[in-house]
Amino acid sequence: MSWQPPWPPIRIGESEWIIMRDSSREPVAVIRHLQLGPRRQWFYRVVTWAATSERRELIGYYPTLEEADRSVKFQPTALASRTGPPNGRGARHSYS
């Protein structure tokens with residue numbers, strides 16, 4: 001059985017995709033299909049998402065879009081470390 005992402009890469013250009021994971025509003029990574037090296041081989045470059053390219057960090061280069069997508073992990077610790085009520089409003093209730 002091959003790995004199936006919960007959300008497929010979202011194409012935003014001819015050779016560019018964004019990856020969504022923990023947030024439905026903000027991408028976690030950007031994938032770009034480009035040629036590199038002296039033999040001009042095709043690779044999928046994955047970088048973390050940021051509003052400006054200067055703030056993006058390289059995740060890696062992959063031979064297929066599927067492998068590039070698979071390289072982008074969820075951040076369960078970010079979700080688990082949240083404090084407060086589940087909806088982010090009001091006070092916590094204590095149940096006795």
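Please refer to the structure placed before this passage.
Conventions we followed
Along each chain, residue indices are assigned from 1 in the same order as the chain's sequence is written. For this predicted model, a pLDDT threshold of at least 70 governs which residues receive local features, and a threshold of 80 or more governs which side-chain atom pairs are given and counted, while totals over whole chains, interfaces and linings are taken from all residues. As a convention, hydrogens and water are excluded, and side-chain values are obtained from all of the structure's heavy atoms. Counting from the N terminus, the helices are DSSP H or I runs at least four residues long and the strands are E runs at least two residues long. Categorising residues by exposure relies on relative accessible area from a 1.4 Å probe, with only protein chains included: less than 20% of the type maximum marks a residue as buried, more than 50% marks it as exposed, and the intermediate range marks it as partly exposed. For the purposes of these results, a polar contact is taken to be a pair of N or O atoms within 3.5 Å, where, inside protein, one atom must be able to donate a hydrogen and its partner to accept one; residues adjacent in sequence count only when each atom of the pair is a side-chain atom. We call two residues in contact when some of their heavy atoms are within 4.5 Å. A pair of strands counts as paired when DSSP detects no fewer than two bridges linking them.

Undergrad: In this structure, what is going on with the side chain of Arg21? I would like to understand it.
TA: Among the secondary structure elements, Arg21 is positioned in the loop between β2 (16-19) and β3 (29-36). In this structure Arg21 comes out as buried when scored by relative accessible area, which is 3%. One polar contact links Arg21 to Asp69, side chain to side chain, over a distance of 2.8 Å. A distance of 3.1 Å separates the side chain of Arg21 from the backbone oxygen of Val72, its partner in a polar contact.

Undergrad: For this particular structure, what's the right way to read the side chain of Ser71?
TA: Looking at the element boundaries, Ser71 is found in the loop between α1 (65-70) and α2 (76-80). Separated by 2.6 Å, the side chain of Ser71 and the backbone oxygen of Ala68 make a polar contact. Residues contacting Ser71, with those up to four places away along its chain left out, are Val46, Ile59 and Tyr62.

Undergrad: Before we go on, may I ask you to explain the environment of Arg32 in this structure?
TA: Examined against the element boundaries, Arg32 turns out to sit in strand β3. In this structure, the C-alpha to C-alpha distance between Arg32 and Phe43, residues 11 residues apart in sequence, is 8.2 Å. Non-local contacts of Arg32, meaning those with residues more than four positions away in its chain, are made with Ser15, Glu16, Phe43, Tyr44 and Arg45.

Undergrad: Teacher, can you tell me more about the pairing of strand β1 (residues 10-13) here?
TA: For a regular strand, side-chain orientation follows a simple rule: the groups alternate between the two sheet faces. Across 3 bridges, β1 lies against β2 in antiparallel orientation. Looking at the pairing, Ile10 lines up with Ile18 of β2. Joining the antiparallel neighbours β1 and β2 is a turn of 2 residues.

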